[in-house]
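Survey of secondary and tertiary structure
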Amino acid sequence: MTYDQIDARKEYVKRARASFQDQEEDWTHPTPEHEEPALGKTFSLRLVLGLFLFLLFVLADVTNHNILNFSTSEIAAEIASKDDYTNLEKYVMMLLADNN
């Protein structure tokens, strides 16, 4: 390398370092107070609603009550049915067979 190339390289490195000095404080600023949390209020509402429905199901199961004319054993059997899983499994196997 010639001295001109070395000087040009030093200048380039100097300019590159200077460009990062302007961005140095960006990550140190605290988050704004009015900013909503990452999960948001919708997640909290869904969690509370899911917990309420679960407790309603457990209460109906313990007291042998029906929920909308369905017994808790019928609801559990419907949830545990493998229809959706079987259809998904067949679709995935079909895709894998096409790729081979």
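Because the structure is predicted, anything quoted here is derived from the model rather than measured. Along each chain, residues carry numbers from 1 onward, in the same order as the chain's sequence is written. pLDDT decides what is reported in this predicted model: residues at 70 or higher carry local features, side-chain atom pairs at 80 or more are listed and counted, and totals for whole chains, interfaces and linings draw on all residues regardless. Working from all heavy atoms in the structure, the side-chain values ignore hydrogens and water.

**Topic: the overall build of the chain**
The number of helices and strands found in the chain is 4 helices and 0 strands. A run of H or I in DSSP counts as a helix once it spans at least four residues, and a run of E counts as a strand once it spans at least two, with each numbered from the N terminus. Each helix and strand of the chain, ordered N terminal to C terminal, gives the series α-α-α-α. For the exposure calls, accessible area comes from a 1.4 Å probe over protein chains only, and a residue counts as buried if that area is under 20% of its type's maximum, exposed if over 50%, partly exposed in between. Taking all 100 residues of the chain together, the buried fraction comes to 4%.

**Observations regarding a nonpolar patch on the surface**
Here the term patch refers to residues with relative accessible area over 30% and no salt bridge, with like charges joined within 9 Å and nonpolar side chains (Val, Leu, Ile, Met, Phe, Trp, Tyr) within 5 Å. For accessible areas, the Shrake-Rupley method is used with a probe of radius 1.4 Å. Any residue's cover is judged against the shown protein chains and nothing else. Salt-bridge detection follows one rule: a side-chain nitrogen of Lys or Arg within 4 Å of a carboxyl oxygen of Asp or Glu. A grouping of Leu88, Tyr91, Val92, Met93, Met94, Leu95 and Leu96 is seen on the molecular surface, where their side chains present a nonpolar patch of about 670 Å² in accessible area. If you trace the backbone, valine 92 turns up in helix H4 (residues 83-99).

**With respect to the confidence of the model for the chain**
One confidence number per residue, pLDDT, is output by the predictor and ranges from 0 to 100. Averaged over all residues, the pLDDT of the chain is 81; the fraction at 70 or higher stands at 78%. Mean pLDDT across the elements of the chain bottoms out in H4 (78) and peaks in helix H2 (residues 40-63) (89).

**Overview of the environment of alanine 60**
By secondary structure assignment, the location of alanine 60 is in helix H2. Taking relative accessible area as the criterion, alanine 60 reaches 6% and is therefore assigned buried. Taking the C-alpha atoms as reference points, alanine 60 and serine 71, 11 residues apart in sequence, are found 8.3 Å from one another.

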